[in-house]
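What follows is each chain in one-letter form.
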Amino acid sequence: MAPRAGNEPKDPKKPKPFPWVQALNGQPIGASNALAYVQALKQYISPNMKTLLFDYPNWDASKAGWYNQPWLANIREPLYGMYLGSEFAPSVYPGTGLTGSMKTYVLTFYDTTAAYTLGKVWGVDAMKPVVNDPKVTQFAEGSVILKLAVTTASPKEWPVMTNAVTLPIYIPPVDDSSNQPGIVHSSLMQVDIIVKDTKTAPKTGWVFTTLVYDQNAAGESGWDRMVPLGAQWGNDPQAVDASKPLRENVINPDAPLYSVQTLGWNGRLSGPNDGAVLTPAYVNGVMIPSGEYSGAAVSSCMSCHGTAAWPMKSFLLPNVTYPPSSYPPGDLNGALMVPTPGSSQWMNWFKSRPGTQPQDEGTVAFDYDMVFVFKSLPAWQQATQNLDPQEFMDIERADKIRRRIGSSHKSK
């Protein structure tokens, strides 16, 4: 990683002007050109992704210029370095043929430009991170961060994954029958690509994009058949209910069914791995049960990442308290308690803030990066500081509820 002091890196591998900006043809991003923007980002990462996915013995992340966050070794599997994302029941994807509950695993990479910020925060040994200077925690223009998400559901268990890219991961049995790990041949279902682009997204500084697997798309490989789900460059704070059109989100009308069943609040961007639809959910004193065609869309890509600040004072999803509350209280099989949709408390998650502005007072904004504040920094803090573990336990309990989405809480 780059040192804390000095000029921001100039990545010779990154063409300028940025090809994704050129894809807009000099126009503001919108319905007519947002998917071209997504395709340009896919094309930019494709050479490296093809090596990672199809020629892994020759994958060298250092030479390719992709980096990971520190402090996550205890949750990462040893083959690709993935860690548990979420757990989903068939009720989340009705009509798509999923025969049982599944788990997803994820892997996040930072390109050379983005990794410069990792170096500024963590330093040379990752023991004394800089967490109190908002200038240090901001990403440089052109930073690209990507996240791969795979599902443990095989094509036989979920036909929509037929002919998808498969990756072997070494994890505990997906039916939780024992603690002995083994190899599971997972399917690549989603890739998120986010880019720091203050010209295209002057309000937030970021454009979030998502690719999903479409077995019916043209292409010779599973990577070729990864198609745009959509793009988001703001939280559309003016759209306080479904009657208001979205201006900062574009969804691909031809995206596969399973990928649009998990869109966020009122159709904002959220992928099938992202858990924006709570089922069950406890909304305004009313329990919305699990089951097909039920649940509550409560989040989006940017509303979740917009909570990125240290120390954290807001949960990833809208919640009535912090640490998050559930109903019945303390029940891991219960539901997260969320505010009334469209209320002032709710809309605190749906403001189009710059990455320098935290959601909560008394915190330092981490520029929409959730791995910093929800994964690596808490792991560092737990390992190096003598703290009361209760808050971490409360957050972990809420996250377990968030990750177990659907009518069943047993993964299969």
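Residues numbered from 1 in each chain as written. Predicted model: local features only at pLDDT ≥ 70, side-chain atom pairs only at ≥ 80, totals over all residues. Heavy atoms only, no water.

S.K.: Whenever I open this one, the overall build of the protein chain confuses me. Can you help?
M.R.: Looking only at helices and strands, one finds nine helices and 18 strands in the protein chain. Within the protein chain, the proportion of its 412 residues that are buried is 58%. Long-range contacts, defined as pairs at least 24 residues apart, comprise 66% of the intrachain contacts of the protein chain with a sequence gap of at least 6. When the accessible surface of the protein chain is summed, it comes to about 17100 Å², and 53% of that surface belongs to carbon and sulfur atoms. (Helix = DSSP H or I, 4+ residues; strand = E, 2+ residues; numbered from the N terminus. Buried < 20%, exposed > 50% of the residue type's maximum accessible area, 1.4 Å probe, protein only. Contact = heavy atoms within 4.5 Å. Areas by Shrake-Rupley, 256 points an atom, 1.4 Å probe, with all protein chains shown as cover.)

S.K.: Would you take a moment to explain the pattern of salt bridges for this structure?
M.R.: Pairs may arise between side chains of opposite charge once their charged atoms sit close together. Enumeration according to the criterion identifies three salt bridges in this entry. Here lysine 196 ties to aspartate 367 by a salt bridge, and the two come within 2.9 Å at their closest N and O atoms. Taken as a pair, lysine 196 in strand S6 (residues 182-196) and aspartate 367 in the loop between strand S17 (364-365) and helix H8 (370-384) lie far apart in primary sequence, 171 residues in all. Taken as a pair, lysine 196 and aspartate 367 share a single burial class, namely buried. (Salt bridge = Lys/Arg side-chain N within 4 Å of Asp/Glu carboxyl O.)

S.K.: Looking at this structure, how should I read the packing of aromatic side chains?
M.R.: Remark: the centre distance and the inter-plane angle together describe each pair of aromatic rings, the angle taken between the planes. Counting across every chain of the model gives 19 aromatic pairs. Between phenylalanine 139 and tryptophan 206, the ring centres sit 5.7 Å apart and the planes meet at 75°, which makes this aromatic pair edge-to-face. Remark: tryptophan 206 occurs in strand S7 (residues 206-213) and phenylalanine 139 occurs in the loop between helix H4 (112-122) and strand S4 (144-151); sequence separation between them is 67 residues. Both residues of the pair, phenylalanine 139 and tryptophan 206, belong to the buried class. Here the aromatic residues Tyr110, Trp122, Phe139, Trp206, Phe366 and Phe372 are joined through ring pairs into a cluster of three or more. For the cation-ring pair, lysine 42 lies above tryptophan 223, with the distance from its terminal atom to the ring centre recorded as 5.3 Å. (Phe/Tyr/Trp six-rings, centres within 6.5 Å; stacked < 30°, edge-to-face > 60°. Lys NZ or Arg CZ within 6 Å of the ring centre and 35° of its normal.)

S.K.: Explanation requested: the packing of H4 against H8 in the structure shown.
M.R.: Interaxial distance between H4 and H8 falls to 14 Å at its minimum, and their mutual angle equals 30°. Seen along the crossing, H4 lies across H8 with a hand that is right-handed. On the side of H4, the interface is formed by Thr117, Leu118, Val121 and Trp122, while H8 contributes Phe372, Ser376, Leu377 and Trp380. Looking at side-chain class alone, the contact of H4 with H8 contains six nonpolar, two polar and no charged residues. (Axes fitted to C-alpha atoms, helices over the stretch in contact; angles between N-to-C directions. Left-handed = near helix turned anticlockwise from the far one by under 90°. Nonpolar A, V, L, I, M, F, W, Y, C, P; charged D, E, K, R; others polar.)

S.K.: Looking at this structure, I do not really get the sheet that holds strand S15 (residues 326-327). What am I missing?
M.R.: One key point about sheets: their strands pair by backbone hydrogen bonds, in either a parallel or an antiparallel sense. One open sheet accounts for four strands, arranged S12-S11-S16-S15; its pairing is mixed. Because the sheet does not close on itself, it has two edges, and the strands there are strand S12 (286-288) and S15. Here strand S11 (residues 281-283) runs beside strand S16 (residues 335-338); their pairing, made up of two bridges, is parallel. Each bridged residue has a counterpart across the sheet, and for valine 283 the counterpart in S16 is valine 338. (Pairing = 2+ DSSP bridges.)

S.K.: I'm lost on the side chain of threonine 151 in this one. Help?
M.R.: By secondary structure assignment, the location of threonine 151 is in strand S4. Overall, the relative accessible area of 0% leaves threonine 151 in the buried class. Only 3.0 Å separates the side chain of threonine 151 from the backbone nitrogen of alanine 153, close enough to count as a polar contact. Ignoring anything within four residues of it in the chain, the contact list for threonine 151 reads Met102, Lys103, Thr104, Trp158, Met161, Ser186, Ser187 and Met189. (Polar contact = N/O pair within 3.5 Å; in protein donor to acceptor, adjacent residues only side chain to side chain.)

S.K.: Explain the nonpolar core to me, please; I cannot follow it from the model alone.
M.R.: Burial of nonpolar side chains together is a common tendency in soluble globular proteins. By size, the foremost hydrophobic cluster in this structure holds 115 residues, and its most contacted members are Trp20 and Trp158. Of the residues forming this core, the biggest block, ten residues, is contributed by helix H2 (residues 34-54). (Core = buried A, V, L, I, M, F, W, Y, C linked by side-chain atoms within 4.5 Å.)

S.K.: Before we go on, may I ask you to explain a nonpolar patch on the surface in this structure?
M.R.: A cluster of nonpolar side chains, namely Leu79, Tyr170 and Ile183, defines an oily patch on the protein surface of about 270 Å² accessible area. Tracing the backbone shows leucine 79 in the loop between strand S1 (66-67) and strand S2 (83-88). Judged by relative accessible area, leucine 79 falls into the partly exposed class, the value being 35%. (Patch = residues over 30% accessible without salt bridge, like charges linked within 9 Å, V, L, I, M, F, W, Y side chains within 5 Å.)

S.K.: Could you clarify how one ought to interpret the environment of aspartate 367 in this entry?
M.R.: Note on aspartate 367: relative accessible area 1%, which makes it buried. Sequence separation of aspartate 367 and glycine 355 is twelve residues, and the distance between their C-alpha atoms is 3.9 Å. When residues no more than four places from it in sequence are discounted, the contact partners of aspartate 367 are Thr137, Gln138, Phe139, Lys196, Trp206, Ala308 and Gly355. Separated by 2.8 Å, the side chains of aspartate 367 and tryptophan 206 make a polar contact.

The values are spatial; any link to function lies outside them.
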